[in-house]
Amino acid sequence: MTPSNEDELTQAALQRLDGAPDPRFAQIMRSLITHLHAFVREVDLRPEEWMAGIEFLTATGQTCTDKRQEFILLSDTLGASMMVVMLDQLRASGRGGPPGRPDGRSVTPATEATVQGPYYWAGAPELPCGADIAPGTPGEPTFYSGRVTDTQGQPLAGALLDIWSGDGEGVYDMQVEGAGMSARARIRTDAEGRYWFWSIKPSYYPVPVDGPVGRMLAGIRHHPNRPGHIHMMVSAPAHAPVTTHLFVAGTPYIDSDVVYGVRPSLIVAFEPHPAGRAPDGRVMDQPYWSAHYDFHLQPTAA
Ligand code: BEZ
Ligand code: FE
């Protein structure tokens with residue numbers, strides 16, 4: 001087919017998919033071409049604007065290294081990563097109902113997922129409950145505790161929390177050249193599904209802005225910050241794992257996270273305490289915070 005107008009051009013591009021052997025690939029390409037052509041037509045894209053877009057994507061690729069993934073950051077800041085996370089958790093929970101919304105069978109919804117981000121580092125030390133996972137890390141001490149249960153409220157013994165955060169000034173260990181791991185650990189729940197550990201109260205921080213994504217954010221006059229949060233991957237045998245955060249209630253940028261990662265169910269009150277005996281018996285010689293949160297995991301099909 002030789003197209004003679006814009007509609008026929010779109011039809012011709014879609015017809016080329018007729019020979020694609022993988023139906024899912026064809027479905028994705030069909031939608032991509034349909035929306036891409038519609039976008040070009042809707043904004044009446046000029047050649048110089050199209051070229052600016054090509055140059056932007058080229059620069060995005062050129063900014064990627066083994067330590068930096070500018071394309072994921074672009075996806076994050078356009079809300080695409082969070083859309084994939086939300087849809088994936090809905091799909092995975094098809095058996096028990098959508099997370100965040102009770103399905104009539106579960107007594108509590110599964111913990112909501114959010115973006116993983118670029119600072120996960122596999123192989124964090126496995127530490128016992130009660131450990132300080134951030135000794136010497138700048139920041140105000142915080143006692144974290146709670147339980148891991150299933151969506152029926154049954155405690156999950158031996159569930160794994162793989163935890164990471166930046167420090168109290170918003171810097172991750174991975175961002176410091178040559179630094180080892182800090183503010184990271186893997187902690188398992190006890191026989192009653194309880195966990196507790198010490199770390200710091202995380203600060204808000206900016207995503208990297210010295211590349212094309214930073215220029216895009218400046219172009220739309222949006223700040224580059226994420227609200228203060230601590231990351232957790234929570235897992236247990238025969239349950240769907242969840243990659244999530246706990247957000248510090250009242251942290252700056254809680255209503256305008258640059259990557260759209262905030263979910264109201266993940267915002268936690270950090271309670272202030274004077275120096276003295278902490279809930280785990282530790283005697284604190286300085287004021288500290290506490291944060292309590294229960295995680296709920298969806299059982300997978302038997
Ligand atoms: C993070 O929370 O670590 C993060 C997420 C997305 C982009 C940049 C950082
Ligand atoms: Fe983070």
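Use the structure listed above.
First, a word on what this report is: a plain description of the structure on this page.

Basis of the calculations
Residues numbered from 1 in each chain as written. Chains lettered and ligands numbered in written order. Predicted model: local features only at pLDDT ≥ 70, side-chain atom pairs only at ≥ 80, totals over all residues. Heavy atoms only, no water. Helix = DSSP H or I, 4+ residues; strand = E, 2+ residues; numbered from the N terminus. Areas by Shrake-Rupley, 256 points an atom, 1.4 Å probe, with all protein chains shown as cover. Lys, Arg positive; Asp, Glu negative; His and termini not counted. Charge placed at Lys NZ, Arg CZ, Asp CG, Glu CD. Donors = N, O, S within 2.8 Å, 3.2 Å for Na, K, Ca; no water. Tetrahedral: all angles 85-135°; square planar, octahedral: opposite > 155°, others 65-115°. Buried < 20%, exposed > 50% of the residue type's maximum accessible area, 1.4 Å probe, protein only. Core = buried A, V, L, I, M, F, W, Y, C linked by side-chain atoms within 4.5 Å. Contact = heavy atoms within 4.5 Å. Pairing = 2+ DSSP bridges.

The next subject is the overall build of the protein chain. In terms of regular secondary structure, the protein chain is built from 6 helices and 15 strands. Projecting the C-alpha coordinates of the protein chain onto the three principal axes gives extents of approximately 80 × 45 × 30 Å. Only carbon and sulfur atoms are counted for the fraction: they give 57% of the accessible area of the protein chain, which is about 16,300 Å². Charge centroids of the protein chain, computed over 23 positive and 34 negative side chains, lie 4 Å from each other.

Of the protein atoms, only Y172 (OH), Y205 (OH), H229 (NE2) and H231 (NE2) coordinate the iron ion (ligand 2), at distances of 1.9 to 2.2 Å. Every donor counted, the 6 donor atoms about the iron ion (ligand 2) form angles of 52 to 165° at the centre, which fits irregular coordination. Mapped onto the sequence, the donors of the iron ion (ligand 2) take the spacing Y-x32-Y-x23-H-x1-H. One end of the pair, Y172, is in the loop between strand 3 (160-164) and strand 4 (184-188); the other, H229, is in strand 8 (residues 229-235), with 57 residues separating them in the sequence. Considered together, Y172 and H229 belong to a single accessibility category, that of buried residues.

Further remarks concern the nonpolar core. Nonpolar side chains in soluble globular proteins tend to end up buried together. Membership of the largest hydrophobic core comes to 41 residues, with the highest contact counts inside it found for V148, L161, I163, F197, M232, V234 and F295. Among the elements that make up this core, the one with the highest residue count is strand 9 (residues 242-248) (4 residues). Filtering out sequence-adjacent residues up to four positions away, F295 remains in contact with T111, R147, V148, T149, L161, Y195, M232, V234, T244 and L246.

The 6 strands lie next to each other as 1-4-3-8-9-10, forming an open sheet whose pairing is mixed. Single-partner strands in this sheet number two, and they are strand 1 (126-127) and strand 10 (267-268).

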